[in-house]
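What follows is the residue order along each chain.
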Amino acid sequence: MTQSTLKDSVGIVQPQCIHFDEALTLRSGKVIDSYDLMIECYGELNADKSNAILICHALSGDHHAAGFHSVDGVQDEKPGWWDNCIGPGKAIDSNNFFIVSLNNLGGCAGSTGPTSINPANGKPFGPDFPIVTVRDWVNSQARLADYLGIEQWAAIVGGSLGGMQVVRWAISYPERLRHAIVIAAAPKLSAQNIAFNEVARQSITSDPDFHQGRYYEHNTYPKKGLTLARMIGHITYLSDSSMRDKFGKDSLTGKNFGRDLSTGKLNFGFDVDFQVESYLQYKGESFSGNFDANSYLLITKTLDYFDPAVDYDGDLGKAFLQGNCKFLVVSFSSDWRFPPERSREIVNTLLKANRQVSYLEIESDGGHDAFLLPVPRYLEGLSAYLSVVANESATSREQDDHAS
Amino acid sequence: MRADVSIIKDWIEPQSRVLDLGCGDGSFLTLLKQEKNIFDCGLDLDQENITKCLLAGINVIEQDLDKGLANFSDNSFDTVLLTQTLQAVQKPDVLVDEMLRIGKKCIITFPNFAYWRYRLYLISKGRMPVSTYIPFEWYNTPNIHFCTIKDFDSLCKEKSIKVLNRTVVDDKYQNSSLMNIDPNFFGINAIYHISR
C-alpha cells in the first residue's frame, strides 16, 4: 500500500469542536445535558447545500478520516483512517463533495465521552458515562447536520459499525439522506460477534489496573486488558489468508501457513516464537496507548445493542418502508466478522421493502479490514456510484440557478 | 437501440417495476427508465457490467442466477426479463418457474437451436454448430441448455404457462413471412411474453 502524500490527500486539516447545549435523551432513558462533537470537514459545501456527505466511523475510528494534521506530520504521521477513499479524485471525491466526519459520543478523540469531565463532580465520567446506542449517535449526528445547515445529506457512508449508523439514519431520518452506503456491515450482531466482544470486555474489566473503570483517579489504565481486547479484535478483522501472506514472507515455498518465526528458531518457552505473536502484541499495545478502555467497553456494547428491527416486531423490512433513499451495500468475500451473507440479509430486506438497492460482493483477502484497504474493484464501484450522486447534486444546483 | 429492445419495450407498462436478470451494462433498463419511467432492478455477475450499471445510476445486484432467486418476493415485479440467457443457466425450467413467481409477466428471449442453418451444419459437418451469432466451441460455450421454439412451447404447455405473445425474428431481430410459416425452422431468435 502506498502512503498518501500531501498532494493526493485533502492536505492539512483542522479538527473543530462543536458544542451542543440542548440535552440529548438517550435510548436508555438517561440524559446528556450538553456535549461536544469533534469534527473534520473536507471539500466545499455548495450554495444549496446539496453535496454533503457524512462519514460514520467504526469501533476505533474518529473524526480524522482523511488528510494530515500538520505539515511536519506528513513525514511520520499516518493520514486519516479512510484516506484511501476520501480525497481529491478519490472514490469519495473532495472536489465534488463537502465531506463531514465526526468522533461519536462516548469516543475518546475529543467528543464527550468517558474521559470528559463530569460537571456534577468535576471528575472524569469513567464508568458513569451512559451507554450510547447507534440510535443515540444518529440523533446527535442529526443535530450536527442542523448546526451545519444541512437539511439532507447527498449520502451517508460507513463501514462496519459505521454502516450500522447509515442503516439507522435511513430508518430514523428517512427524508434526510438521498443515498445510504453500507459497507461490510450486518443488520445486527450474531452470537459469535457478541461473544468476541464479551471476551474483549472481560479482558479489560479483569485487569487489576481497571479499578471498576475509575483508573484515571489511580493514575493508571488497564493496559494489559485493553491490549488483549484489541488483539482478539484484530484477529477478527483479518482473514486466514491475509495472515498467511503477512507472516509467511520468509517461507520459500509459501506453504508454512504464515508460521514464520520471529528469531529464526524455536525458543522452547512461552515467549514469542512466531511473527504473528509479536505483531499482535505490538498492535494491541500501541492501540492501548491511544484508546480509552471505558470507550472500548462502551462502543462494544453499542455494537451488541444494534438491532433496528426491535421497534418493528423484529421485521427489519417494516423499518425500511419509510423513505426513498437509494442504497449501495458492499461486502467482502473473506470478511468473517460480517460476512457477505450478513450484507445480503440487508439487501434482501430492502428488496422485500421495494427499496432501490445495489449490491457489490468484492473478492478480497483483506478480511473485515478490506473496507479500509485500496481494493481496486471496491474503490471503482464506490467511485462509480458516487459519480451519479455528484451529478444529482450538480443538477439540483443548476435547477436552482434557473429558478432564481 | 438493439432491435430486440424495440420489440420488448412495447410490452412494458410505464411506471411499472422491471427486474432484468442478466442485465449486462444496464442499457436496456436505462432506456426503459428514460422512456417509461420504470422502477429498475438488474442482476448480473460480470464486474465490468456492474460498474457500468452503477455509472448509469441503475440499481444492480451482484447475484448468480444459478443460486436461485429466493430473495425476491412473490409478485414483487410487473415484468421479469431474461434476454439471451435461458440457455446459459443450470436449471432453465426452475428459473422460468421462479420468474413467474416473482413477476406478473415475464419476457424471455433465446436463440432457436432448430434454425435450419444449425440443422444443416450438424447434418453436413457432423459437428456442433458454430456461427457468428453463437461463436463458441462446444467446450467453452456458456450455453449449456439449448432449446428450440417447439421445446419451449411444450415446456409452456407442460407448466400451464400462458403465452401472451410470441415473436420470432432473425439475427437482426427482423421478422419475415417465412418465419411466420415455420418459426421453428426459419427463426433465429424467439421472444416470448408469458404469464401464469
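This one's a predicted model, so the numbers in the text were calculated from it and none came from an experiment. (Residues numbered from 1 in each chain as written. Chains lettered and ligands numbered in written order. Predicted model: local features only at pLDDT ≥ 70, side-chain atom pairs only at ≥ 80, totals over all residues. Heavy atoms only, no water.)

J.: I keep staring at the overall build of chain B and nothing clicks. Help me out?
T.: Regarding its fold elements, chain B presents eight helices and seven strands. In terms of overall size, chain B behaves like a compact globule, its C-alpha atoms giving a radius of gyration of 17 Å where 196 residues would be expected to give roughly 16 Å. Taken along the three principal axes of its C-alpha coordinates, chain B extends 50 × 35 × 30 Å. Taken across its 196 residues, chain B has 53% of its residues classed as buried. Contacts in chain B between residues far apart in sequence, at least 24 positions, make up 63% of those at least 6 positions apart. For chain B, the distance from the average site of its 22 positive side-chain charges to the average site of its 25 negative ones is 4 Å. (Helix = DSSP H or I, 4+ residues; strand = E, 2+ residues; numbered from the N terminus. Rg over C-alpha atoms; globule rule 2.2 N^0.38 Å. Buried < 20%, exposed > 50% of the residue type's maximum accessible area, 1.4 Å probe, protein only. Contact = heavy atoms within 4.5 Å. Lys, Arg positive; Asp, Glu negative; His and termini not counted. Charge placed at Lys NZ, Arg CZ, Asp CG, Glu CD.)

J.: Could you clarify how one ought to interpret the interface of chain A and chain B in this entry?
T.: Taken together, the contact between chain A and chain B spans 21 residues of the former and 22 residues of the latter. In total, chain A and chain B occlude about 1700 Å² of area from one another, counting both sides; carbon and sulfur atoms represent 53% of this. Interface area lost by chain A to chain B is led by Leu351, Tyr359 and Arg377 of chain A, which between them contribute 27%. A salt bridge links Arg377 of chain A to Glu62 of chain B; the nearest nitrogen and oxygen atoms lie 2.7 Å apart. At seven residues, the largest contribution of residues to the side of chain A that touches chain B is made by helix α11 (residues 376-403) of chain A. Class assignment of the residues belonging to the side of chain A that touches chain B gives a composition of nine nonpolar, six polar and six charged. (Buried area = accessible area lost by both parts, 1.4 Å probe. Salt bridge = Lys/Arg side-chain N within 4 Å of Asp/Glu carboxyl O. Nonpolar A, V, L, I, M, F, W, Y, C, P; charged D, E, K, R; others polar.)

J.: Sorry if this is basic, but what is going on with the pattern of salt bridges here?
T.: Opposite charge on two side chains permits pairing when their charged atoms draw close. Residue and element names in this part refer to chain A. According to the stated counting rule, one finds 21 salt bridges over all chains in the structure shown. Of the charged contacts in the structure, one is a salt bridge between Arg214 and Asp128, with a shortest N-O distance of 3.0 Å. One end of the pair, Arg214, is in the loop between α4 (191-205) and α5 (223-237); the other, Asp128, is in the loop between β10 (123-124) and α2 (134-148), with 86 residues separating them in the sequence. Judged by its relative accessible area of 38%, Asp128 falls in the partly exposed class. A salt bridge links Asp311 to Arg135; its shortest N-O distance comes to 2.9 Å. Placement of Asp311 in the loop between α8 (293-305) and α9 (316-319) and of Arg135 in helix α2 is noted, with a sequence separation of 176 residues between them. Connected via shared salt-bridge partners are Glu198, Arg201 and Asp304.

J.: Could you clarify how one ought to interpret the domain arrangement of chain A in this entry?
T.: Often, the extent of an interface is quoted as the loss of accessible area upon association of its parts. Residues and elements named next belong to chain A. Partitioning chain A into domains gives domain 1 (1-188 + 308-404) and domain 2 (190-305). Just the C-alpha atoms count here: the centres of domain 1 and domain 2 sit 26 Å apart. The interface is formed by 34 residues belonging to domain 1 together with 32 residues belonging to domain 2. Across the interface of domain 1 and domain 2, roughly 2800 Å² is buried in total on both sides, 62% from carbon and sulfur atoms. Sorting the residues of domain 1 by area buried against domain 2 places Leu59, Trp336 and Arg337 first, and these three jointly supply 27% of that buried surface. Put simply, domain 1 and domain 2 have one salt bridge between them. Of all the secondary-structure elements, those providing two or more residues to the side of domain 1 that touches domain 2 are β10, α2 and α3 (161-172). Across the side of domain 1 that touches domain 2, the residue classes break down as 16 nonpolar, ten polar and eight charged. (Domains from an automatic or database assignment.)

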